[in-house]
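# Examination of the molecular architecture
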Amino acid sequence: MSGLKVLVVGASIAGPATAYWLAKAGARVTVIERFPRLRTGGQAVDIRTAGVSVMRKMTGMEAQVRAKSMQEEGVSFVRDDGRPYGVIRATGNPEQQSIISEYEILRGNLSQVLFDLTQNNDKIEYIFNEQIASMQQSTSLSGPVTVEFLNGTKTSDFDLVVACDGATSRTRAMALECGVRDHIVPTNSWTAYFSIKQDLLHGSKIGQGYSAPGGRFASISADPAGATRVMLMAIFPPSVTDATLPFREASTQGDDALRTYIATHFRGAGWRTDTLLDAMLLADDFYASEIVQVKLPHLHKGRIVLVGDAAFAAGPTGGGTSLALGGAYMLAGELASHPGDLEAGLKGYEMQIRPVVKEFQKIPPLVSSVLAPQTVWGIGIRNWVFAIIAWTGVAEAAQKYLGAAFTSSGNFPLPGYGWVE
Ligand SMILES: *[C@@H]1O[C@H](CO)[C@@H](O)[C@H](O)[C@H]1NC(C)=O
Ligand SMILES: *[C@@H]1O[C@H](CO)[C@@H](O)[C@H](O)[C@H]1NC(C)=O
């Protein structure tokens, strides 16, 4: 694939990872990002199974991720008055998927790690403040994709366009001629994140999680920089139709409206939530989003292909980061394994990543997720489990099982590609 000219849309996690692997396979890559700079906000994410395997093939990445990791030692699940039900600790064994991953890192910090790994690469160019205005591709696969840009970059032909612009991908909507919410599978839940410039845990590396009635969950955890990271999550029962609509409507009215909506939803939930809400209204790093999955019948259309949340957002299982890394690696590997045959490479990518996506998108039935060990676990599921405890009233029983539930490993062997080693 030497000399293949590729446009990657989005510079979050999937974008820089895709640029890394495609450049490694010999492509020339342009990455565009519609924001003026790398975005540093966002939640804690974790890297596991296939994601860890890919990370270990990216020179220097694991050390950087460790250096910037949350270093959380456990989570204490507390009652309304703050007394703990119990503490769930990290295993310290990377092959065992604990509830606490040793590769738990803030999304923005991970994005920075990936950007640092790629920004000085001769084959990779980053353009910020830029978006696609239109794309033209011939119906056959033979011709390039002609891309017009919105903000100054010259119209150009690309052999391949990779959409890495998130669950509500505009590139996907453009390519498939659909709305940005088409192919989104809602999970009736949303989360909000922010930090408080004060250590509410007084030096402890054990976070705290609290479940309130109504599917509301709040957690605080230590920030490596001495602040406190707060997460609020709401889960609505499957019986509520379009439960996240009020959240989305508030969201379209801007951050302040969204904060007000969230504060109203959580006010009076108990524990320290009212204090957390007061801090949220003032936080300068407030970020909230609906939790969704993305399910597509095909991961490419012609020469436009999707990687990361745009292609297969994992939703509440929290496997999105691992899938993004796995997808980036497999796309480059499959294209390189089918030189001169783009279509075969894209099909290979889809075939390789599908089973991994299937595993990472599995949402365990609510009650059994508390009571029965499952295979793939992480931050997302942990939070879900905590949040549903309020409904199921099985806190005591759950506590006993959680430790065991989160330790099963679900390893995915990665295909080996000659050019990697
Ligand atoms: C992680 O990102 C935050 C901004 O969200 C920043 O303040 C902090 O310095 C970063 N941490 C590391 C270790 O780079
Ligand atoms: C276009 O790019 C310039 C320079 O990077 C930037 O200052 C401006 O804000 C951008 N405009 C839009 C609409 O993105």
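Conventions we followed
Residues numbered from 1 in each chain as written. Chains lettered and ligands numbered in written order. Predicted model: local features only at pLDDT ≥ 70, side-chain atom pairs only at ≥ 80, totals over all residues. Heavy atoms only, no water. Salt bridge = Lys/Arg side-chain N within 4 Å of Asp/Glu carboxyl O. Buried < 20%, exposed > 50% of the residue type's maximum accessible area, 1.4 Å probe, protein only. 1 Å grid on protein atoms, 1.4 Å probe; cavity = no way out; pocket = protein on both sides within 12 Å on 5 of 7 lines; lining within 4 Å. Points joined across faces, edges and corners; volume = space filled by probe spheres on them. Nonpolar A, V, L, I, M, F, W, Y, C, P; charged D, E, K, R; others polar. Pairing = 2+ DSSP bridges. Helix = DSSP H or I, 4+ residues; strand = E, 2+ residues; numbered from the N terminus. Phe/Tyr/Trp six-rings, centres within 6.5 Å; stacked < 30°, edge-to-face > 60°. Lys NZ or Arg CZ within 6 Å of the ring centre and 35° of its normal. Expected span 1.5 Å × (residues − 1). Near = heavy atom within 4 Å. Polar contact = N/O pair within 3.5 Å; in protein donor to acceptor, adjacent residues only side chain to side chain. Areas by Shrake-Rupley, 256 points an atom, 1.4 Å probe, with all protein chains shown as cover. Core = buried A, V, L, I, M, F, W, Y, C linked by side-chain atoms within 4.5 Å. Contact = heavy atoms within 4.5 Å.

Going by what an unreviewed UniProt entry lists, the protein chain is known as FAD/NAD(P)-binding domain-containing protein and is assigned to Ophiobolus disseminans.

All chains considered together, the criterion is met by 15 salt bridges. A salt bridge links Arg229 to Asp223; the shortest N-O distance between them is 3.4 Å. An identical accessibility class is assigned to Arg229 and Asp223; each is buried. Here Arg267 makes a salt bridge to Asp274, at a shortest N to O gap of 4.0 Å. Taking relative accessible area as the criterion, Arg267 reaches 37% and is therefore assigned partly exposed. Residue Asp274 is classed as partly exposed on the basis of its relative accessible area, which comes to 33%. The network of salt bridges with common partners includes Arg181, Asp242, Arg248 and Glu290.

Before going further, it helps to spend a moment on empty space enclosed by the protein. The final tally for this structure, using the stated rule, is 1 cavity of 30 Å³ or more. For the largest cavity, the calculated volume is near 40 Å³. Taken together, Ala11, Ser12, Glu33, Arg37, Leu38, Arg39, Arg107 and Ser111 form the lining of the largest cavity. Residues belonging to the lining of the largest cavity are distributed by class as follows: 2 nonpolar, 2 polar and 4 charged.

Right, let's get into the sheet that holds strand β18 (residues 304-306). One open sheet accounts for 6 strands, arranged β7-β2-β1-β11-β18-β17; its pairing is mixed. Strands with a single pairing partner mark the edges of an open sheet, and in this sheet they are β7 (124-127) and β17 (300-301). Note: strand β1 (residues 5-9) against strand β2 (residues 28-32), 5 bridges, orientation parallel. Its bridge partner lying in β2, Lys5 is registered against Arg28.

What follows concerns the packing of aromatic side chains. Tallying each qualifying case throughout the model produces 12 aromatic pairs. Above the ring of Phe158, the side-chain terminus of Lys5 is found at 4.8 Å from the ring centroid.

Along an α-helix, residues three or four positions apart point the same way, because every turn accommodates 3.6 residues. Within helix α1 (residues 14-24), 10 of the 11 residues are buried, leaving the element largely enclosed by the surrounding structure. Among the residues of α1, Ala14, Gly15, Pro16, Ala17, Thr18, Ala19, Tyr20, Trp21, Leu22 and Ala23 are the ones counted as buried. Count one or two residues on from α1 and you reach Gly26, which has phi positive near 105°.

For helix α10 (residues 320-337), built from 18 residues, the straight-helix expectation of 26 Å at 1.5 Å per residue is met to within 8% by its first-to-last C-alpha distance of 25 Å. Counting buried residues in α10 gives 16 out of 18 residues, a clear majority hidden from the surface.

Taken together, Thr40, Lys68 and Asn109 make up all the residues around ligand 1. Thr40 has a polar backbone atom sitting 3.4 Å from an oxygen atom of ligand 1. Here Asn109 contributes a side-chain N or O atom positioned 2.2 Å from an oxygen atom of ligand 1. Relative to its unbound accessible surface of 360 Å², ligand 1 loses 48% to contact with the protein.

Attention now goes to the nonpolar core. With 70 residues, the main nonpolar core has Ile47, Met61, Val65, Leu110, Val162 and Tyr349 as its most contacted residues. Top contributing element to this core by residue count: α10, with 9 residues. If we skip the residues at most four places from it in the chain, Val162 touches Val6, Leu7, Val8, Val9, Thr18, Leu22, Val305, Val307 and Leu331. Listed in part, the 32 residues of the second largest apolar core include Phe194, Leu200, Ala212 and Ala218.

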